Amino acid sequence: MYEFEFEKPSTIAEAVAALADEDAQALGGGQTLIPTLKQRLAMPSKLVSLAGIAEMKGVSIADGVLTMGGGATHAEVAADACAPLAALAANIGDPAVRNRGTLGGSLANNDPAADYPAAMLALKSTIVTNAREIAGDDFFQGLFETALEEGEIITSVRCEIPEAANYQKFAQPASRFALAGVFVAKYADGVRVAVTGASEEGVFRWSEAEAALSANFAPDALAGISVDAGSMIADLHGSKEYRAHLVAVLAKRAVAALA
Amino acid sequence: MPKDNGIGASPKRREDVRFLTGAGNYTDDINVHGQAHVHFLRADVAHATINSIDTSAAEAMPGVVKIFTGADFAEVGGIPCGWGVTDRHGNPQQEPRHPIIADGTIRHVGEIVAAVVADTPEQARDAAEAIELDLGDKPAVVDMAAALGEGSTKVHEDLTSNLCYDWVFGNDDDAAVQAAFDSAAHVTTLELVNNRLVANPMEPRVAIGEYSRGTDEYTLHTTSQNPHVIRLLMCAFVLGLPEHKVRVVAPDVGGGFGSKIFHYAEEAFCTHAAKACGRAVKWTSTRSEAFISDAHGRDHVTKIELALDADNNFTALRTNTLANMGAYLSTFSTSVPSYLHGTLMAGNYKTPVIQVNVKTVFTNTVPVDAYRGAGRPEATFQLERVIDKAARELGADPIALRRQNFISEFPYETPVALTYDTGDYVATMDKLEAVADVAGFAARRAASEAKGRLRGFGVNCYIEACGIAPSNIVGMLGARAGLYDAATVRVNATGTISVFVGAHSHGQGHETSFPQVVADMIGIDESMVDIVHGDTGRVPFGMGTYGSRSIAVCGSAMVRATEKIIAKAKKIAAHLMEASDADIELKDGQFTVAGTDKSVAWGDVTLTAYVPHNYPLEELEPGLEETAFYDPANFTYPSGAYACEVEVDPDTGKVSIERFSAADDFGNIINPMIVDGQVHGGLGQGIGQALLENAAYDADGQLLSASFMDYAMPRADDVPFYQVDHSCQTPCTHNPLGVKGCGEAGAIGSPPAVVNAVIDALQSGGKDVTHIDMPLSPARVWAAMNG
Ligand SMILES: Cc1cc2nc3c(=O)[nH]c(=O)nc-3n(C[C@H](O)[C@H](O)[C@H](O)COP(=O)(O)OP(=O)(O)OC[C@H]3O[C@@H](n4cnc5c(N)ncnc54)[C@H](O)[C@@H]3O)c2cc1C
């Protein structure tokens, strides 16, 4: 690590002010940022910890809406969110990661293999920041890129509770992030299918599958439908074709789990 | 009832109390007054000429004590290779200089280019970032076949090529071997890769060098499996220091698996720099550094051919292997693909004609050396895979085919230079069939298929040569060291005992099992005996721990020294009881005179040895301390049969291990619980190699799996509950305890069983897949099924 200053404000307003300094950076649970600092791949002048901000905590469900603080840890989401999202959170990393890592941190980071982004696209989310509300569909902008501005903080996230939903993750053998992950959510007005881990462009909604499942919510409805292998990630752990195949398998499994 | 003391009992590991409660004393726990810290600037390219290194800006940085480059070590020796292999033409292996710091050329990612010593680790790292390198890129040599090709870039300009040696072993008459294949009824051929691995012990390497101006003495604390070997190599070959002025201490060590056998540049650096800087110098490896600076393991590419007659008897075996040495020769590197591999190619079978061909190759990758099993897993994998393939081609039952070809008479002289003293391969296979419930497999397969999964059963045998090694034999084979071991048994006046052993315990549980032996021989409680290990300043000598040798070699030295103690103690007891020493018996810590009711206790005798008021001083020296050196007469030959049962998800290619059974013959066993643990750990690593682990390089010589994000270590949920049995025991015939060693068996014997099981599963699903290279990741299995 390089040296940096450290602040731990107790309100969002204080945090926003602290982040106004040049090269200041927000610190959530540190599960991504701290390893990055240790490898000297980032050089913030100041870290502003969000862990002491009470208004960014908590997970609650009211009137068909799930509201989660940007500072809610994965463990808190696993304990208190609606079942499919709780199950997703319970399978992120290990207990130490879940007790530290936060929803806001994961979304801000937008790792192409992270789990939450798929849920956000599938669950009709709204990402709330200190400055504005961003529709989940507009938030993720490719690998590690989001709609957030410099110094903008994710303060909370709202999701519409679906009739039914299921997330299927196929773990990369080493990191156990998603080699591919598919989140299927069924609403009265249609089905949403979001895919993480697989695409070179990051998390995406698989519209062909959505249309097929909206018409007929059954695994068979996906027969013959596939994602374009050309845009999939190829690496040590799987070819483009393999990832494209996994996406189809996982989508069917998610639907089968709900059927 | 199981014993609760002595040989054959399973007391809990006493060292675990300190390890599990944070009271261990690892090298990084040690901080020396006034120590400085070194940060190594490591190459981030695989092959380059160093045109210049500008350290001027770095030298002006805060806290910097001294900066070293290759030029500072030009007068210092290179890291030596401990084994010289003679090639098929009688020529010595090509042996390049292995500098402490790169001298003019970078040859692998991770090689040390400069070293910054500063007051704090952060300052050292800051300054290292300010060093300016002017590098001239050279093409990286990564693929072994390409490295041997005409016109390949050379890793070492001063060598004739990238070939280290071209070696033949066994029957070197090519025509005779070919004739055996020509007359065969069936020949099975298999090409396979033994994947490169990173050892990844839990504790990364650490070194602290100290120098005392007052006494001109050096101390090196290091994470080593064999501190005496490090002292010898570093003093005699690298730094040119007198051994009596150098103390090497390896305190608690958090796992080694071979990777901490070798003498590394960082050890010599810290020792040398301590004097040059006038301060102790400490280095603690990060995990990232470990991936690119700890010696890697395996990395063989092999073509194996097995000839059988019309009755399915094995008639000939021929192998052609390329083995990666990496950029430099690490300590044992050249012995691993040659003598530790070729000598094992007979396996458990009476194949009359065997020819082993090995070419070792320099590449721009991290040096490759021994990793748990070292050569023997590579041999076992080829042999047990080709036998399985042959069984499938011939429609033979894989177990029956193996049984038919078992060696059954002992001693047995193999065509590859070993003499197996004892074993019973039929017994271990019988035991395996029972433990693995072979009979119940069909029902389990049906149950898996009902869930949409493919189920496969795979079996393999293994034999290993452990207890390394008879010094005269390994000397003839090119070892540049003896491989005996030593122990000193020091009995204190009050009867408690400290045993100073040359073996080093870094997870093996010696602190528990070694005292069991001494306590058993004397008939006292284990708690009266401690071992001392890992310190050249306290232990007379020793060759350390690797090759499953500790109890077989060092344990034998300990037995010999204890025998000397008992013989002397009997003389003292005889004097006290006014009897002849020939009539003295020792049982349960009491000396008695045969046929009388006279007795003296162990403690009376030991006290007398140190308070010799009533003592035969004319005939016997006071005190009770004895040393023995033990050089084994032969290797030991643990053997066994393993079975793996897998489920394969045909949709994703994911393999899960449902059952794993092991029937081992380790000869006599000191502590069955510790033996179970050793087998479990070995199986975990073997399964890791088979399914998960892969040190993959790209064409530029960059390690793609250079962190745990991409290098898949086995986790608890990747392995099943093991069924481990070691009730088949044919004691070793030539060491006093009848022990064979158990440390590597699991890692040697498991990869072929796993792969054989996966192939069986895929075949049961109608897939014509005959081989998949390890690791059998979901992507690879899926690709094979759909290829
Ligand atoms: C061993 C391990 C295993 C893991 N496994 C998984 C897995 O299986 N699946 C998975 O999805 N993830 C996994 N992760 C990542 C984990 O989920 C991280 O917690 C997450 O990526 C980052 O959250 P954090 O709170 O720790 O953020 P930090 O690391 O503190 O910060 C990450 C980035 O987000 C910014 N940031 C943090 N909070 C906010 C906020 N509220 N608003 C705006 N910006 C913010 C920071 O400035 C930084 O740029 C794993 C991590 C580890 C260490």
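What counts as what
Residues numbered from 1 in each chain as written. Chains lettered and ligands numbered in written order. Predicted model: local features only at pLDDT ≥ 70, side-chain atom pairs only at ≥ 80, totals over all residues. Heavy atoms only, no water. Helix = DSSP H or I, 4+ residues; strand = E, 2+ residues; numbered from the N terminus. Rg over C-alpha atoms; globule rule 2.2 N^0.38 Å. Contact = heavy atoms within 4.5 Å. Areas by Shrake-Rupley, 256 points an atom, 1.4 Å probe, with all protein chains shown as cover. Lys, Arg positive; Asp, Glu negative; His and termini not counted. Charge placed at Lys NZ, Arg CZ, Asp CG, Glu CD. Pairing = 2+ DSSP bridges. Axes fitted to C-alpha atoms, helices over the stretch in contact; angles between N-to-C directions. Buried < 20%, exposed > 50% of the residue type's maximum accessible area, 1.4 Å probe, protein only. Polar contact = N/O pair within 3.5 Å; in protein donor to acceptor, adjacent residues only side chain to side chain. Domains from an automatic or database assignment. Buried area = accessible area lost by both parts, 1.4 Å probe. Salt bridge = Lys/Arg side-chain N within 4 Å of Asp/Glu carboxyl O. Nonpolar A, V, L, I, M, F, W, Y, C, P; charged D, E, K, R; others polar. Phe/Tyr/Trp six-rings, centres within 6.5 Å; stacked < 30°, edge-to-face > 60°. Lys NZ or Arg CZ within 6 Å of the ring centre and 35° of its normal. Expected span 1.5 Å × (residues − 1). Disulfide = S-S within 2.5 Å. Core = buried A, V, L, I, M, F, W, Y, C linked by side-chain atoms within 4.5 Å.

(A) Fine view of the overall build of chain A. Tallying secondary structure elements over chain A gives 10 helices and 12 strands in all. Relative to the 2.2 N^0.38 estimate, which gives 18 Å for 259 residues, the radius of gyration of chain A is 18 Å and therefore close to what a compact globule would have. If you line up chain A on its principal axes, its C-alpha atoms span 55 × 45 × 30 Å. For chain A, long-range pairs separated by at least 24 residues make up 57% of all intrachain contacts whose partners lie at least 6 apart in sequence. In the structure as shown, chain A presents an accessible area of about 10,800 Å², 49% of it carried by carbon and sulfur atoms. Positive and negative side-chain charges of chain A, numbering 19 and 32 respectively, have mean locations separated by a distance of 7 Å.

(B) Main features of the sheet that holds strand S2 (residues 24-27) of chain A. Residues and elements named next belong to chain A. Taken in spatial order, the three strands of this open sheet run S1-S3-S2, and their pairing is parallel. Looking at the sheet topology across the chains shown, the edges are occupied by strand S1 (5-7) and S2. Taking each pair of neighbouring strands and ignoring which way they run, the sheet shows an average axis angle of 25 degrees. Sheet topology note: the S2/strand S3 (residues 46-49) ladder contains four bridges and is parallel. Its bridge partner lying in S3, Leu-27 is registered against Ser-49.

(C) Highlighting the side chain of B:Lys260. Residue and element names in this part refer to chain B. Structurally, Lys-260 is set in the loop between strand S12 (246-249) and helix H7 (265-277). A relative accessible area of 1% means that Lys-260 is categorised as buried. From its side chain, Lys-260 meets the backbone oxygen of Gly-255 in a polar contact 2.7 Å long. Not counting residues within four places of it along the chain, the set of residues in contact with Lys-260 comprises Pro-201, Glu-203, Pro-204, Arg-205, Thr-223, Ser-224, Gln-225, Asn-226, Val-253, Gly-254 and Gly-255.

(D) Representation of the environment of B:Val600 within the structure. All names here are of chain B. For Val-600, the position within the fold is in strand S26 (residues 599-601). For the pair Val-600 and Ala-574, spaced 26 residues apart in sequence, the C-alpha separation works out to 9.4 Å. In contact with Val-600, other than residues within four places in its own chain, are Ala-573, Leu-576, Met-577, Gln-590, Phe-591 and Val-605.

(E) Representation of the domain arrangement of chain B. All names here are of chain B. Here the domain parsing of chain B yields domain 1 (15-22 + 484-630), domain 2 (31-138 + 202-255 + 260-293) and domain 3 (296-469 + 634-785). Look at where the C-alpha atoms of domain 1 and domain 2 centre, and you get two points 39 Å apart. With 16 residues of domain 1 at the contact, the number on the domain 2 side is 17 residues. Of the roughly 1,400 Å² buried between domain 1 and domain 2, counting both surfaces, carbon and sulfur atoms make up 55%. When the buried area of domain 1 at its contact with domain 2 is split by residue, His-504, His-506 and Thr-536 rank highest and sum to 40% of it. The tally of links from domain 1 across to domain 2 stands at two salt bridges. For Arg-247, the salt bridge goes to Asp-535, with nearest N and O atoms at 2.7 Å.

(F) Quick peek at the interface of chain A and chain B. Counting from both sides, the interface comprises 21 residues of chain A and, opposite them, 23 residues of chain B. When residues of chain A are sorted by the area they lose upon contact with chain B, A:Arg40, A:Arg176 and A:Leu236 head the list and together hold 31% of the total. In this structure, the salt-bridge partner of B:Glu129 is A:Arg40, at a minimum N-O distance of 3.1 Å. For the pair chain A and chain B, the interface holds 15 residue pairs in polar contact (both at pLDDT 80 or more). In terms of residue count, helix H10 (residues 240-258) of chain A provides more of the side of chain A that touches chain B than any other element does, six residues in total. In terms of residue class, the side of chain A that touches chain B is built from 10 nonpolar, six polar and five charged.

(G) Focus on the packing of aromatic side chains. All names here are of chain B. On inspection of all chains with the given rule, the structure shows 32 aromatic pairs over all chains. Judged by centre distance (4.9 Å) and plane angle (10 degrees), the rings of Trp-167 and Phe-169 are stacked. When the centroid spacing of 5.5 Å and the interplanar angle of 85 degrees are considered together, the rings of Phe-410 and Tyr-425 count as edge-to-face. Of this pair, Phe-410 sits in the loop between helix H11 (398-405) and strand S18 (412-413) while Tyr-425 sits in helix H12 (residues 425-435), placing them 15 residues apart in sequence. An aromatic cluster is present here, built from Phe-40, Phe-68, Phe-73, Phe-269 and Trp-283 joined pairwise through their rings. Lying over the aromatic face of Tyr-264, Arg-205 brings its terminal NZ or CZ to 3.6 Å of the ring centre. The aromatic ring of Phe-181 is capped on one face by Arg-318, whose charged end is 4.4 Å from the ring centroid.

(H) Structural context of helix H10 (residues 376-394) of chain B. For H10(B), spanning 19 residues, the distance from its first C-alpha to its last is 27 Å, which sits close to the expected 27 Å at 1.5 Å a residue. Phi turns positive, to about 70 degrees, at B:Gly395, one or two residues after H10(B).

(I) Structural detail: the state of the cysteines. Enumeration according to the criterion identifies zero disulfides over all chains in this entry. Left unpaired, A:Cys82 is separated from the closest cysteine sulfur, that of A:Cys159, by 7.1 Å. Under the relative-accessibility criterion, A:Cys82 is labelled buried at 11%. Here B:Cys466 is not cross-linked by a disulfide; its sulfur's nearest cysteine counterpart is in B:Cys742, at 8.9 Å. Judged by its relative accessible area of 0%, B:Cys466 falls in the buried class.

(J) Quick look at the domain arrangement of chain A. Residue and element names in this part refer to chain A. Taken domain by domain, chain A consists of domain 1 (5-49), domain 2 (56-160) and domain 3 (164-258). A separation of 19 Å is found between the C-alpha centroids of domain 1 and domain 2. Roughly 730 Å² of surface becomes buried between domain 1 and domain 2 when both sides are summed, with 74% attributable to carbon and sulfur atoms. Looking at the side of domain 1 facing domain 2, the largest losses of area belong to Ile-12, Gly-29 and Gln-31, adding up to 55% of the total buried there. At the junction of domain 1 and domain 2, the tally comes to zero salt bridges. Linking domain 1 to domain 2 there are zero residue pairs in polar contact (both at pLDDT 80 or more). Split by residue class, the side of domain 1 that touches domain 2 holds four nonpolar, four polar and no charged.

(K) Looking closely at the nonpolar core. Residues and elements named next belong to chain B. Among the nonpolar cores identified, the biggest contains 123 residues, and Tyr-420, Val-646, Val-648, Phe-660, Leu-762 and Val-781 are the most heavily contacted of them. Considering each element in turn, this core owes the most residues, eight residues, to helix H20 (residues 751-764). Leave out the neighbours within four places in its chain, and Val-781 touches Val-648, Gly-653, Val-655, Val-758, Leu-762, Ile-772 and Leu-776. Membership of the second largest hydrophobic core comes to 46 residues, among which are Val-491, Ala-561, Met-577 and Val-593.

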